[in-house]
Every structure is written in structure tokens, then in C-alpha cells.
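Residues per chain are reported as follows:
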Amino acid sequence: MHPEYVPLLPRALSVASTATTATTTASTAATGDPDTRERSPAMTFDPSPSAGLVLPPTIRFDLHSPGITPRSLHAHSQIGPHPSHRGLSLPDIFVPPHPLPVHRANDASDQTSIQFSDIASTDELTTVSSTTAATVESTAAVPADVSKRLWYDDFTTIDWVHEFIKESFRVKRLRDLPGLRGRLIRARDASQGWILILVIGSTVACIAYLIDAAEQRVFDWRSGYCATNWFLPKHDCCVDSGDTCPAWLEWKFALRGSALVEYALYIALSVALALVAVLLTLTTASTTPFSKPPVTVVDSQRETSSETNANLAPGAPVTVNGETHKSQPAAAPRSIIYTAAGGGVAEVKTILSGFVIKRFLGSYTLFVKSIALVLSISSGLNVGKEGPYVHIASCVGNITCRFFSKFNNNDGKRREILSAAASAGVAVAFGSPLGGVLFSLEEVSYYFPPKTLIRSFLCAVISALVLKLLNPYGTGKIVIFEVSYDHDWHAFEFLIFVFIGACGGVIGAAFGRLNVWWTRIWRRSRFISKHPVADVVLMATVTAAISYFNVYTQKSASELLYDLARTCTYRTASPFDTLDYEDDDALCPTSMAMYASSIRSLTTAFVIKFVLTAVTVGLKIPAGIYVPSMVSGALLGRIVGLSVQWLQYQVPHLFLFSSCPAGNDPRACTIPGVYAIVGAGAVMAGVTRMTVTLAVILFELTGSLDHVLPISVAILISKWVAQALEPNSIYDVIMHNNNFPFLDNQRTPGFSVTLHDIVPKATISSTSPVIDTSDSPYISAAALRTKLQILQVSGELDGSLPILRNQVLVGLLPAPELEYALDKIKEKDATASGIRYNDLAEVTDNNDIMCHISADDQEIQRYYFDRSSRHHQFSQYNGTNAGVFTAATDLTPFVDRAPISLDINSPLAMVYLMFVRLGLRMVCVVEDGKFWGVLHKKRFIEYCRFGDDNMDTWF
């Protein structure tokens, strides 16, 4: 018999009364260093002739001696197998002392009676459980101190150190391959990343082309259609029509109705487009636990109070209405998130920091967001497509990684590709490859090695190049609002640019405050929180009803930004002459009287855009914030530019205008379009707190080195002012509203406490998520499942169970892999070794399936690299190979033998550096070499965000 059958022995059922009986007794005494402790368990076998085994009358061995394991006992034993059962030896039938709880109440020996059937005839191993096999481990109550759940416990985190070490083992194996074959394999491996980048850049450009082309057409259909070709947007339909465009039919003329009919139809089409967008977005709903304690469900009553039953374990008795029932675990309260809603930048930042958001970067989210984005922009809502482009590009990167094993099997390497993909999203949104690279570096990436910088640059360049070849606007340009300026700025304008920057910071801070206030009083109300469709429909109705009466608010964000930023074109150089047909007389006044009306109209549009944009952020539709915030800033800048022109007309000899050209023509001195671009950068910097990235994007949009300095100054001033008024950017606000577990690596928190002040001492018991192997490396599967459930209830789905030996930390057992192994044990146990069970649930309710957990005799490479082979081993199980099932009960390869630990007196600043710089998932805490507790990254984030009053206890 193969030694892999060992864990089956204590789980088998008795099938023959004439079987061999073996009585096992164990006594334990430990002194001194754990590596030199002495233990003297004795095993006495009384073989029966009917068993067909020839065994010595008494065999004694040291179970815990160095190098002695159930697998190595074969070399130490002198048991001769029966001739008819070759390969059967003492290690094959070894059974550890029973019971094997995590924590013994005393040192008294427990006894287990083991019976063997006639293996020659039945090939079944059976056992009779000891009467001392306690059921406490399966029915123990969950402690009250872990009944609270984290708000973000659905978010699991990766361990950057683990992924890096795993990659180093993979690289080492590749380097060890000899000859030409090894060179070819290494070349193929090195080319995977570059091929993947080319595919991502090209795919993102194609998707952006489809979205841009569709968005232009659907947006214009709200006002009319092209009589010559329905599918042409208004710009292409009227390209050669001059001042009038007879080919473009507005709905009031096409339907021969009045202006009221056109107004009603305008609102109806806007609401219809927004309605379809929100309905599509709602199909991407995903549930996540939120901050409410779990409840317990009983058979006769669906839900009971959490105060009464939060501490009850599954199967514990509970009394309801005077009747006693068996409690069952209740589903944790769930909140709903929509993966296609919003811009997605905040979520991408959270993912790149090491956390996992289920289905956020999936293929269905990509499909729905691409379509819903076209509809939401076309509805006239104050949303942009630039932020969603980052999300879409990240989806493309995540999906394509699945076809390359190098990145599919390593979450750290995958995030490097996602960082590069994010740069492609900004490149196609603004036509700015350099801005895309800096955006990935400055705004979203958490870990950005030099190789990722090169890949990001290549991905951004490829995406921009392919999009330019596709020519979505028919102008040879990537974006519609690309502008250029011929005149340089003057010295007196520097103070005005500083003023615009300060105003942008105030507006950016007010934007965040307004969004928080609106979310609190409106979106978290009982009705709106349950009916997101009503929120979108109402907002679309209000936006369309108000925007219809203002020529600027009717335009799309990209078109309006272009009109505000471009220069005025006059037929002659004389003041107040006839304007060129391309120019709007409100943006380029031709008389003194027109300045007041122009400024008034622009101010109205600014107030409308600012308020509607602030309250639109948070709708359950794809919605970006970049261009809408830039539009508000461009309106502000245009207002300031026109005001400066008006002042020069009024006081032409003022000392401020002494550097202007002779002739006193304000149009030759002041360019309102420059002020619009500066204002756009200032407000966007105040809202998003981007600096270098934003300056480079605006530089690439204008193509003028002369105006880089005023734009940069305004951006810096805006950021400083906004940071002073409101420390959190709009992304921070979104993360806080959604409770994303993001640990900001760009801030330096202040701590005055140590680990001792926030990490309580762990208790070692059957109801605590700690594995004590001081007495034996065996523990029942039911006990492990109980500990796993306790860990999950506390919100640490990606936590680990510490493995102790004489209070010394010897390893960690990750919860996700433990759950995987326990599920496989449950699935495979029913048919392993020919044993049949009528109820698979018995596998988890019975304490007799023993799992082997050891930190000895294990190469570290097995933990970091070879676990994939175990997963393959599980998947290849055919229901008859008992050895595979028995291997499933050996959890040693899942043990992390190199956990990172800190002393209990370590300052929290050091802990912060460990989490931020090393990317750890958790830190083990020790005191004088003895285990104290575990600090999970999410727990530390919670402490940084809320402080002592909101910290839950761990164990």
C-alpha cells in the first residue's frame, strides 16, 4: 500500500468485525529548544492471523524526531509485508495519535481503536473513532470579536514578495535549460511581453475608433439627421456647406412641428439613451460584503438579529418563539457594485496596488462598458470617455494576459502589463503618448519597474499610431480638440495665470465637497439607493431640460472644449470688424456691447456645467471626469480672457498693457483661447490632483512650447490651493465612498504608536485561526474548515493561518489555498480507495479526516513554484486513484515557511514601509521570538483611515 493512504485510515468506517485491532497510545513531554524536544509515543500492534499481516508484537518509534515522518518511517521500520500484499509496511498503515485537536486541554494520552478489514478481499481501510473525538471543533461558537466584517472583505490582495520569488524560480529554471532548445525557449519567453504590448495597443486603438465614430453619430441624432446619409455626423454632413447646412435636417423641420415639439423630442431622446445605458450597466452587477455583522438563519425563520446569533456557529442550537432549531450559516449582507459604472480609474488604481476586484476587468465588462459609454455620452450627460478609456484598456490588458502563461500565472507580472495598458487608454483619449506614460507612472501604478516604463511607452505609441491611421474624425487628428497658438504670452499675463490657477484649485476642492454632499443626501437616500435607474433618468431629464436653452451646454464636451480653446479668426486686422464664418460671435465679440452678453452667457454655462458635472459623478453609467472638468475650467479661462480684453479696450494705456504691440488692438495682445487652456488645466488639476501628466497632455494638445510655462504654473498653484482646502482628490472621494482598500503610497502618515498598541495577542484554542503543531502535525479537516470560516467571518478572505510549534511561528497556511484543498477533499473523498459515502456533507461534519501540515522536510521551491502541479493533480483525478486523494490531505506544500515578521515594539512607520515598499499581504508579529499575532494589510488600512475607535480585534 502506498504511504499516501495514511490520512484515509482515521476516516474509514468499520466493515468487518474480525479485523486486526491496533491500539495506539501517545504521551508527550517537551523541554528546552523545540528542535531538541523529546517525545516518546508508543504504538502496540496485536496482529490477527485473519489480517494477513506479519508484525512484530511491539514497535516503538519517536514520531517527532528530526527526519521522522510517516513517509520516512518505511526506512526505519523492520515490518515485513504479507506475501500477498507487497509494498505494505508500517508507514503505510501508520495512524497518528487521536484525537489531534489544535490545542490540547491536557497532556493525557488519548486512545484510538483501529480495525483493518481483510485487505486482500475488500481493499478497504476502516476505523472506529475514539469516544474522545470531540465535536467541539465543528460546533464551537465564533468569537464575538470577529463577528464584524470589514467593508471591503471581498477584496483579496496579492503578495508582491511571493509573486516576485515565484518569478525568480521560474527564471532560474529557464536559465538552467541547456543547449539550443534552452535558448529558443528563453527567447520565446522574453518576447511574450513585447508581443502582448503590441496586441494591447492595437486592440485599444480599434476599440477607441469604434467608440469615437459611434459617439459622434448618436450624439448628433438628438438634434436631427443628415438627409443625404443617415450615418453621417453633423460635421461630416455639413463639411462643404458654409454658413448653412441644408443637408442637415433638424427634427422640428423633419417632423414639421413647433419648437416645443423639438424641445420635448430632445429631452425624450436624451432620456432614452441614458436609460438604455443604465440598463446595460446594471447587468454588470457584482455583490460584495459590506459593514454589517453577519446574521444566523434558522430553519423556521429566515433572519434573526445579529446580536442574538452572531456568535453561533453552524449547527448550534438557537431558540425562536420558544422552539429550538438548528442554526445555519447566513449569507453575509451584500452590497452591489457595477463593474461598468463610473470612470474606472479609482478601481484600476486599487487593482494595481495589489487588490482584486472580481469581474471588473472581464470580457463582459469590456463589452458592456464600450456600448454603454457611447450611449451615456450621446445622452448629453456631463460625462467623458477619457477615464473609461483607461478602464477599457485595462480590460484589454487583463484579457490578453490569459493567453500568455508568463503573465497569466503571476499576478505581479500581470499588473505590470495592466500599467502599460492604462497608458494606452490615455494615449487614445487625448492623443498624448507621453502623457499616457506619465499618467500610468504618476496616477495609477503602484509598482513601476524600468521595464514597465519602456512597455508603457511602446503601448502608448502603438495605440496612438494605429488610431491615427484609422482616422476616426476624418481630419487626420486623434482628438477633436487639438489646437495651436501663434502668439507668445506677455509678462503681465503671468499674474493672471496665477489667479486662474488659484481659482482652479478652489473650484476643484469645491467639486469634491459638492460631490460628497450630493452623495450623502441624495444617492444614499432610501429610494435612490434602491433605484439607480430613477437617478439616471431624473438626471438626464434635468440635464437635457436645462442644457437645451444654452448654446454651449448643448454641445458635446470635446466640441465645446475645442471652441473655447481655439483662437478667433478675423477677416481684417481692424477692431470690431466682421468675423470669419467659423467663429462664434459670443466667444469672439465684435463690439463693446457684446462683451457683457458673452461673459454673461459663458458664466451661465460655467455654473450649469460645474454643478451638473459634480452631481453626475456617481451615476450608474460609464462616466469619466477628465474632459467635463476641463470644460468647466475652459469656460472659466475664457471668461477671464474676455475680461482682460474688455479691460484693455477700456484702459488701453494701463501700465499692464505696456508690453502689448502698438495699435492698441487687444486681439493682438490677449488670446482668450490660451486662458481657456490654462483654466482647463487648473480645474482638472484641482479635481484630480494630477500635475506633470496634465502639463504634458496639454502641451501635446496645443503643440506649443511657448505656453508650457503658464500652463505648468497654473497647474501647480491649483494643486497647492486644492490640497490646502480639501486633501482628497475626486479619486480619493470615490475610494472612500466605495471603501476601496487602497493604501496611498504618495503620502507620509504620522504615527505615534507601535504594533503593540494595535495588534492584540492571539489566543491559541480550537476556535482561533491558529494551527498549533506542538503535539502533532495532523489536524482534522473539519477543524481546519472551522478555523477557515472564522478567518473569513473576520473579513480576511485572503489571510493565513499561522502555524506554531511551541509558540514559535514556523509557517503560514494561506486561506485561499486551504479553502481550495478542503473543497477538493470534500469532492474526492466519496470515491477514494473504494470507500463509498451516502452524504458528502458528512465529510465536513466528521472530524476523522486528518490533514498533514508540517514545516519540516519541505523545499521552499515547492511553495513558490510547484503548487500549480498540485492543482493539475487535483484536476486529473478520475475518482478511482486514491493516492491522489491522499495527496490532497497533505497540505505541507501549501505552507509558507518564510513569513516576514516584525517585533511587537516596531513603530507603525516601519509597518507602513513594509506594506507600501514590499507589497506584503500581512506581517507576523513576534515578541522575544514567540508568536504574538498577525496584522493584515486591510486591517492596517482600516487603522490608517479610521484610527483606534474603528479597529476590530483579530483573534
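Anything mentioned here points back to the structure above.
All figures in this text were calculated on a predicted structure; none of them were measured in a lab.

K.L.:
Any chance you could break down the overall build of the chain for me, citing the residues and the numbers?
P.N.:
When helices and strands are tallied, the chain shows 36 helices and 21 strands. Here the chain displays about 39200 Å² of accessible surface, and carbon together with sulfur accounts for 58% of that area.

K.L.:
Requested: an account of the state of the cysteines, with residues and values cited.
P.N.:
Inspection of the entire model under this criterion finds 3 disulfides. Disulfide pairing places Cys226 opposite Cys237 at an S-S distance of 2.2 Å. One quick way to see it: the torsion about the S-S bond of Cys226 and Cys237 is about 75°, and its sign makes the bridge right-handed. Here Cys237 lies in helix H6 (residues 234–237) and Cys226 lies in strand E6 (residues 224–226), a separation of 11 residues in the sequence.

K.L.:
So what about the packing of aromatic side chains? Which residues, and what values?
P.N.:
Taken as a whole, this structure holds 23 aromatic pairs when the rule is applied. Arranged with centres 6.2 Å apart and planes meeting at 20°, the rings of Phe606 and Phe610 form a pair that is stacked. With a gap of 4 residues between them, Phe606 and Phe610 both fall in helix H22 (residues 592–616), about one helical turn apart. For the residue pair Phe606 and Phe610, the accessibility class agrees, reading buried in each case.

K.L.:
Outline the side chain of Glu443, listing residues and values.
P.N.:
Among the structural elements, Glu443 can be located in helix H15 (residues 433–444). Sequence-distant contacts of Glu443, defined by excluding residues within four places in its chain, comprise Lys349, Leu438, Thr688, Met690 and Tyr731.

K.L.:
Describe unusual backbone geometry, with residues and values.
P.N.:
One non-glycine residue, Asn471, lies in the positive phi region at around 55°. Of note, the phi angle at Asp928 is positive, near 55°, even though the residue is not glycine. Following the sequence through the fold, Asp928 ends up in the loop between strand E20 (922–927) and strand E21 (930–936).

K.L.:
Could you give me a rundown of a nonpolar patch on the surface, with the residues and numbers involved?
P.N.:
Together, Trp194, Leu453 and Ile454 make up a nonpolar patch on the protein surface, roughly 260 Å² of accessible area in all. Here Leu453 is to be found in helix H16 (residues 450–470). Here Leu453 falls in the partly exposed class, since its relative accessible area comes to 36%.

K.L.:
Describe the sheet that holds strand E19 (residues 901–903), with residues and values.
P.N.:
If you trace the 3 strands from one edge of the open sheet to the other, you get E19-E20-E21, paired in mixed fashion. Each having just a single partner strand, E19 and E21 make up the two edges of the open sheet. The mean inter-strand angle of the sheet, taken between neighbouring strand axes irrespective of direction, is 35°. Along the sheet, helix H36 (residues 937–946) contacts E20 and E21; its crossing angle with E21, the most-contacted strand, is approximately 70°.

K.L.:
Can you lay out the pairing of strand E17 (residues 808–814) for me, pointing to particular residues and giving the numbers?
P.N.:
Of all 7 residues in E17, 6 are buried, a share of seventy percent or more. In this sheet, E17 lies alongside strand E16 (residues 800–805) in antiparallel orientation, the contact comprising 6 bridges. Pairing of Pro802 across the sheet is with Leu812, part of E17. Turn length for the E16-E17 hairpin, with the two strands adjacent in sequence and antiparallel, is 2 residues, and the turn residue Asn806 shows positive phi of about 55°.

K.L.:
Give me the environment of Asn382: which residues, what numbers.
P.N.:
Within the secondary structure, Asn382 is located in the loop between helix H11 (363–378) and helix H12 (386–401). On a C-alpha basis, the gap between Asn382 and Met539 in space is 10.0 Å, while along the polypeptide they are 157 residues apart. Ignoring anything within four residues of it in the chain, the contact list for Asn382 reads Thr543, Lys609, Leu612, Thr613, Thr616 and Pro628. Within polar-contact distance, the side chain of Asn382 engages the side chain of Lys609 at 3.0 Å.

K.L.:
I'd like a rundown of the pattern of salt bridges, residues and numbers included.
P.N.:
In total, this model carries 16 salt bridges according to the counting rule given. One salt bridge in this structure joins Lys413 and Glu416, with 3.6 Å as the shortest N-O distance. Taken as a pair, Lys413 and Glu416 lie in helix H14 (residues 411–430) at a separation of 3 residues, close to a single helical turn. Linked through salt bridges whose partners overlap, the residues forming this network are Glu167, Arg170, Asp189 and Lys406.

K.L.:
I'd love a proper account of helix H26 (residues 708–725), names of residues and values included.
P.N.:
In a regular helix each residue adds 1.5 Å, so 18 residues correspond to 26 Å; H26 covers 26 Å between its end C-alpha atoms and thus fits that length. Among the residues of H26, Pro710, Ile711, Val713, Ala714, Ile715, Ile717, Ser718 and Ala722 are the ones counted as buried.

K.L.:
Residues and numbers for the side chain of Glu416, please.
P.N.:
Residue classification places Glu416 among the buried residues on the basis of a relative accessible area of 9%. With near-sequence residues (within four places) excluded, Glu416 lies in contact with Tyr447, Pro449, Thr452 and Arg455.

K.L.:
Kindly report on the sheet that holds E17, identifying the contributing residues and their values.
P.N.:
Strand order in this open sheet of 3 strands is E14-E16-E17, and the pairing throughout is mixed. A strand with exactly one partner marks an edge of an open sheet, and here the two such strands are strand E14 (771–772) and E17. Sheet topology note: the E14/E16 ladder contains 2 bridges and is parallel. Note that in E16 the partner of Ile771 across the bridge is Ile803.

K.L.:
Go over helix H4 (residues 160–175) with me, naming the residues and quoting the values.
P.N.:
With 16 residues, H4 should reach 22 Å at 1.5 Å per residue; the first-to-last C-alpha distance of 22 Å fits that figure. Of all the positions in H4, only Trp160, His162, Glu163, Lys166, Glu167, Phe169, Arg170 and Leu174 are classed as buried. Put simply, Asp159 is the residue that caps the front of H4, since its side-chain oxygen is 3.1 Å from the backbone nitrogen of Val161.

K.L.:
Which residues make up the nonpolar core, and what values do they have?
P.N.:
Membership of the largest hydrophobic core comes to 165 residues, with the highest contact counts inside it found for Phe430, Tyr626 and Leu755. Among the elements that line this core, the one with the most residues is helix H23 (residues 626–650), at 12 residues. Setting aside residues no more than four positions away along its own chain, Phe430 makes contact with Glu386, Val479, Phe481, Tyr626, Val627, Met630, Met684, Ile697 and Leu701. Among the nonpolar cores identified, the runner-up in size contains 22 residues, and Ile771, Ile803, Phe894 and Val895 belong to it.

K.L.:
Describe the pairing of E16, with residues and values.
P.N.:
Taken across its 6 residues, E16 has 6 buried, putting it largely inside the fold. Side chains Ser800, Pro802 and Leu804 of E16 all project onto a buried face; the interleaved residues Leu801, Ile803 and Arg805 project onto the opposite face, where all are buried too.

K.L.:
Outline the packing of helix H17 (residues 493–523) against H22, supporting the account with residue identities and numerical values.
P.N.:
At a closest axis distance of 8 Å, the pairing of H17 and H22 adopts a crossing angle of 50°. Relative to H22, the element H17 lies oblique. Taken as a pair, H17 and H22 cross one another with a handedness that is right-handed. Between H17, through Ile507, Ala510, Phe511, Leu514, Asn515, Trp518 and Arg523, and H22, the contact on the second element is made entirely by Phe606, Phe610, Val611, Thr613, Ala614, Val615 and Thr616. Of the residues in the contact of H17 with H22, the class split is 10 nonpolar, 3 polar and 1 charged.

K.L.:
Describe the environment of Ser419, and please don't skip the residues or the numbers.
P.N.:
Locating Ser419 in the fold gives a position in helix H14. We classify Ser419 as buried; its relative accessible area is 2%. With sequence-adjacent residues up to four places away left out, Ser419 is seen in contact with Leu352, Ser440, Ser445, Tyr447, Phe448, Thr452 and Ser456.

What counts and how
Along every chain, residues carry numbers that run from 1 in the direction the sequence is written. The predicted origin of the model limits local features to residues at a pLDDT of at least 70 and limits the giving and counting of side-chain atom pairs to 80 or more, whereas totals for whole chains, interfaces and linings rest on all residues. Each side-chain value is worked out from all heavy atoms of the structure, with water and hydrogens disregarded. Each helix is a run of H or I in the DSSP string that is no shorter than four residues. Each strand is a run of E no shorter than two, and both are numbered from the N terminus. Here the open area of atoms and residues is found with the Shrake-Rupley method and a 1.4 Å probe, where only the protein chains shown may cover a residue. Any two cysteine sulfur atoms within 2.5 Å of one another count as a disulfide. Pairing of aromatic rings covers Phe, Tyr and Trp, the last counted by its six-membered ring, and requires centre-to-centre distances within 6.5 Å; plane angles under 30 degrees mean stacked, over 60 mean edge-to-face, and any other angle means tilted. Exposure categories follow from relative accessible area, calculated using a 1.4 Å probe and restricted to protein chains: below 20% of the type maximum is buried, above 50% is exposed, and the middle band is partly exposed. Two residues qualify as a contact provided that any one of their heavy atoms is within 4.5 Å of a heavy atom in the partner residue. Here a patch means residues that are over 30% exposed by relative accessible area and free of salt bridges, tied together within 9 Å if like-charged and within 5 Å if nonpolar (Val, Leu, Ile, Met, Phe, Trp, Tyr). When a carboxyl oxygen of Asp or Glu is within 4 Å of a side-chain nitrogen of Lys or Arg, the pair counts as a salt bridge. For two strands to count as paired, DSSP must find a minimum of two bridges between them. Here the axes come from fitting lines to C-alpha atoms, over the contacting stretch only for helices, and the angles between their N-to-C directions go from 0 to 180 degrees. We define a polar contact as two N or O atoms separated by no more than 3.5 Å, with the added condition that, inside protein, one atom must be a possible hydrogen donor and the other a possible acceptor, whereas residues neighbouring each other in sequence contribute only through side-chain atom pairs. Each residue after the first adds 1.5 Å to the expected span of a helix. Side-chain atoms within 4.5 Å link the members of a nonpolar core, which is a set of buried Ala, Val, Leu, Ile, Met, Phe, Trp, Tyr and Cys residues. Roughly parallel means an angle under 35 degrees; roughly antiparallel, over 145; roughly perpendicular, 65 to 115; everything else is oblique. Helix crossings fall into two classes, left-handed where the near helix is turned counterclockwise from the far one by less than a right angle and right-handed where it is turned clockwise. Residues are grouped as follows: nonpolar covers Ala, Val, Leu, Ile, Met, Phe, Trp, Tyr, Cys and Pro; charged covers Asp, Glu, Lys and Arg; every other residue, Gly included, is treated as polar.

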